[in-house]
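Each chain, letter by letter, is given below.
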Amino acid sequence: MPKPLDLPNATDAVHAGAVRERPHHALAPGIAQTATYTFASTEDLRRYLEGGDEDPDREEYGRYGNPTVREVERRVAALDGAEDAALFASGMAAVATTVLALVRAGDHVILFRDAYRRTRKLVTVTLARLGVTHTVVEPASIDALSRAIGPRTRLAITESPTNPTLRCVDLARMAAVCREARVKSVVDATFATPHNCRPATFGIDLVVHSATKYLSGHNDVLGGSVSGSAGLVSLVRELRGVLGGVCDPHAAGLIGRGMKTLALRVEKQNRTALAVARALEGHPAIERVHYPGLASHPDFAIASAQMRGGGGVVSFVVRGGREPAGRVVDGFRLATIAPSLGGTETLVEQPAIMSYHELDDEGLAAIGVDPGLIRLAVGIEETSDVVGDVLGALAAAGQLEL
Ligand code: PLP
């Protein structure tokens, strides 16, 4: 019998890490919309700076901390099964600050080929400029990761599931290989969400989310987070105070509000995405469906062992390539053409002409993206409406001689 997954539930999404007693007996958290904090006297300031203040959460200045942000950080840490978390102004602020906090000139970083394009740019361009070398390895291959580790390797970073083909990394193996070589493991679990998978519970050192996506869940705010041990998170938080990518209190309030419905939304998105994937598999206009909840996916076994559901993104390749796929995208009536994922609205995009528009077919092949691939990020609409929209878009494109 497989071990039951150690995952948070709907009650945790509402309550874990949340403050129970608030000023004025308010139920909902207020937003501490302040850039700085006051001190009653020089003595008060001195006591605070020497660590003698009785309030451990007292803050000095908004770039270093904020009570609204802090509560959301505790809630993210609780959902991720980690000791602590830090919140950022965007997912990329979280990724960049985390990576920069861990490496120095002369170090070596391992990155998987299907990394989010800005993470790839951070490692291959920005870090390279700072004297940090890298090796890019095959998606989801822990053997390749193991082979790439050298004496100066400091960090290995991947997503799981990845974008857009939803490869899932064996997290326990990745954690073990990295731990043995004293390499820090970082997993961007944006596509998984803590509702579906908690990399920290498999031994991954740091877990990143673009909170812009499922955590906030309403396509109305940017944010990011990193969770892990108190020691590592405080290292990242320290650099956040230098680089300045802090989360605004109002944005933190929106992220915290969105997180309350994380379980409800992600459950629905898991169900709808699986229904879409099943409806597409075997469809005459479709060459291939990528969804980790389908037995045909290369990582189905790993995903089944470490995830509660396959998540809310389905990718599929339309027969005929770039042009017919574009016509299918134009045939959607419910889904909107937009980048991003994880919100209440279903979004559709063709990576070859949106996220990777600058790449030719050869460049796309190098990162494993088919020109005819469409990525559907399902929202929380009725499952039958979303499935109907996809089939309707294919039918409409068929009328245009697919
Ligand atoms: N990580 C993943 C997997 C993403 O898909 C994205 C954004 O699309 C990011 C990080 C960056 O997040 P943000 O857009 O919030 O900076």
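Below: a short report on this structure. (Residues numbered from 1 in each chain as written. Predicted model: local features only at pLDDT ≥ 70, side-chain atom pairs only at ≥ 80, totals over all residues. Heavy atoms only, no water.)

## Here we look at the sheet that holds strand S9 (residues 313-318)
At step 1: Taken together, 5 strands build an open sheet; the order of strands is S8-S9-S12-S11-S10 and the sheet is mixed. Strands with a single pairing partner mark the edges of an open sheet, and in this sheet they are strand S8 (286-290) and strand S10 (336-337).
At step 2: The sheet contact formed by S10 and strand S11 (residues 347-349) spans 2 bridges and is parallel. Pairing of Ile337 across the sheet is with Val348, part of S11.
At step 3: In the packing of helix H11 (residues 262-280) onto the sheet, contacts are made with S8, S9 and strand S12 (373-377), and the angle to S9 comes to roughly 20°. (Pairing = 2+ DSSP bridges. Helix = DSSP H or I, 4+ residues; strand = E, 2+ residues; numbered from the N terminus. Contact = heavy atoms within 4.5 Å. Axes fitted to C-alpha atoms, helices over the stretch in contact; angles between N-to-C directions.)

## Brief notes about the pattern of salt bridges
At step 1: Enumeration according to the criterion identifies 18 salt bridges in this entry.
At step 2: For the salt bridge of Asp6 with Arg198, the shortest nitrogen-to-oxygen distance reads 3.0 Å. One end of the pair, Asp6, is in the segment before helix H1 (10-15); the other, Arg198, is in the loop between helix H8 (193-196) and strand S6 (206-210), and 192 residues separate them in sequence.
At step 3: With a relative accessible area of 9%, Arg198 lands in the buried category.
At step 4: We note a salt bridge from Asp53 to Arg58, for which the minimum N-O separation is 2.6 Å. (Salt bridge = Lys/Arg side-chain N within 4 Å of Asp/Glu carboxyl O. Buried < 20%, exposed > 50% of the residue type's maximum accessible area, 1.4 Å probe, protein only.)

## Points about the sheet that holds strand S2 (residues 108-112)
At step 1: Pairing is mixed across the open sheet formed by 7 strands, whose spatial order is S1-S7-S6-S5-S4-S2-S3. Both outer strands of the open sheet, strand S1 (84-88) and strand S3 (133-137), are each paired with one neighbouring strand and no more. On average, each strand axis in the sheet is inclined to that of its neighbour by 20°, with strand direction left out of account.
At step 2: One ladder, built from 3 bridges, connects strand S5 (residues 184-188) with S6; its direction is parallel. Within S6, the position partnered with Val187 by the bridge is Val207.
At step 3: Helix H7 (residues 171-180) rests against strand S4 (153-159) and S5 of the sheet, and its axis sits at about 155° to S5.

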